[in-house]
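# What the coordinates show
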Amino acid sequence: MERPCLYIVIPCYNEEQVLPITCGMFLEKLNSLAAAGKISEDSRILFVNDGSKDGTWEIICRLAAEDPHYIGISQSRNRGHQNAVLAGLMEAKDRCDITISIDCDGQDDINAMDEMVDAYLDGCEIVYGVRSRRDTDTFFKRFTAQGFYKLMNWMGAEVVYNHADYRLISSRALQELAEFKEVNIFLRGMVPLVGFKSTSVYYERHERMAGESHYPLRKMLSLAFDGITSLSVRPIRLITGLGLVIAVLSFIGVIWAVVSGLMGNTVTGWASTVCIVCLMGGIQLLCLGVIGEYIGKIYLETKARPRYIISDRTWE
Ligand code: UDP
Ligand code: MG
């Protein structure tokens, strides 16, 4: 079997502090994999600049001029991590045999790539990088992140536990992923839907080498909500269930009201009326909001706007 060509896809947003530190590590890894005869010499490190406002793109261009193994594309504006990864994967899918997507901050252990490539050579089309521990994350990040996976699965969006976007995908699987035309993209949920033989490799997650996380709690919550509503209709089912329960309770309430009315206990009942009105109003608004979220998604999907726009490439 011929040695596969590997593209390492790395999204970068305002990473001028960390990129000069980590770029050398990626190149070293690529060279050592090639030296071990696992990948071809044509393999590349593909940076995706996600509309950074600092000097990230200049750094990428400089790297590309220094070493032909570094190449880069730039999105026309900031579109977020998921779109940046997708842009990189779609750019790579016709040029290589396998891609590995990884963050540029050095948090994910690049040594897991050896095992990923081995798993591919053993016949797997998709290899998930899974964190074995989270000791280096703060308690808060760990707690919220674990809650994230639990919530996702409970809501019917299947995701691989403790797996972020560090994974190997073969170009064959990418050709199929390209057929998933949705504009609300949540790769962690979409990739398992592609299927094919897959496996996981375990690694330890480090601390960020420099710079700041772009995923504060607010963004993490919105990613979770986005993931759930993109992958599952469970929330709508829960609303139906809630509606049933309330209907049954109301029915009991009606009987109770009629009976006590007949027995002559004409209670003024101001408090209970107000409570019920408030509760019902709140629940209805909440349910409308969730349903509205789905309608919003349908609205965005019908527009079918491009999922990414590439403005520059280092090789053109
Ligand atoms: N990123 C991106 N676009 C964004 C935000 C982040 O391409 O709008 C990239 C970022 O450069 C990094 C990766 O996504 O390579 C993960 O971001 P970060 O490390 O801030 O997230 P965390 O690891 O804290 O979850
Ligand atoms: Mg990070």
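Right above here is the structure, for reference.
No experiment lies behind these values; they were computed from the predicted model shown.

### Description of the packing of helix α1 (residues 19-35) against helix α2 (residues 56-66)
It is the contact of α1 with α2, at a shortest axis distance of 11 Å, that shows an interaxial angle of 35°. Pair α1 / α2 crosses with right-handed handedness. When α1 is examined against α2, the residues L19, P20 and C23 are found in contact with a partner set consisting of T56, I59, I60 and L63. Classifying every residue of the contact of α1 with α2 gives six nonpolar, one polar and no charged.

### Some points on the pattern of salt bridges
Scanning the model with the defined rule gives 10 salt bridges in all. The residue R172 makes a salt bridge to E125 at a minimum N-O spacing of 3.0 Å. Of this pair, R172 sits in helix α6 (residues 171-177) while E125 sits in the loop between α4 (112-121) and β5 (126-131); the two residues are 47 residues apart in sequence, bridging distant segments of the chain. Given a relative accessible area of 13%, E125 falls into the buried group. A salt bridge links D165 to R188, with the nearest nitrogen and oxygen atoms 3.8 Å apart. Note that D165 is positioned in strand β6 (residues 163-170) and R188 in helix α7 (residues 187-194), a separation of 23 residues in sequence. Look at D165 and you get buried, because its relative accessible area is 4%.

### Overview of the packing of aromatic side chains
According to the stated counting rule, one finds two aromatic pairs in the structure shown. With centroids separated by 5.1 Å and ring planes inclined at 75°, the aromatic side chains of Y166 and Y203 adopt a geometry described as edge-to-face. Here the residue Y166 occupies a position in strand β6, and Y203 occupies one in strand β7 (residues 198-203), the gap between them amounting to 37 residues. This pair shows no difference in class: Y166 is buried, exactly as Y203 is.

### Brief notes about helix α8 (residues 217-231)
In this model α8 runs 21 Å from its N-terminal to its C-terminal C-alpha over 15 residues, within 8% of the 21 Å that 1.5 Å per residue would give. Within the sequence span of α8, burial applies to M220, L223, A224, G227, I228 and T229.

### Details of helix α3 (residues 81-92)
An α-helix turns once per 3.6 residues; consequently, residues spaced three or four apart project the same way. Compared with an ideal rise of 1.5 Å per residue, which puts 12 residues at 16 Å, α3 spans 17 Å between its outermost C-alpha atoms and is within 8% of the ideal. Across the 12 residues of α3, 12 count as buried, placing the element largely inside the fold. All of the buried residues in α3 are H81, Q82, N83, A84, V85, L86, A87, G88, L89, M90, E91 and A92.

About the thresholds
- Residues numbered from 1 in each chain as written.
- Chains lettered and ligands numbered in written order.
- Predicted model: local features only at pLDDT ≥ 70, side-chain atom pairs only at ≥ 80, totals over all residues.
- Heavy atoms only, no water.
- Axes fitted to C-alpha atoms, helices over the stretch in contact; angles between N-to-C directions.
- Helix = DSSP H or I, 4+ residues; strand = E, 2+ residues; numbered from the N terminus.
- Left-handed = near helix turned anticlockwise from the far one by under 90°.
- Contact = heavy atoms within 4.5 Å.
- Nonpolar A, V, L, I, M, F, W, Y, C, P; charged D, E, K, R; others polar.
- Salt bridge = Lys/Arg side-chain N within 4 Å of Asp/Glu carboxyl O.
- Buried < 20%, exposed > 50% of the residue type's maximum accessible area, 1.4 Å probe, protein only.
- Phe/Tyr/Trp six-rings, centres within 6.5 Å; stacked < 30°, edge-to-face > 60°.
- Expected span 1.5 Å × (residues − 1).

Function cannot be read off these values alone, since they describe shape.
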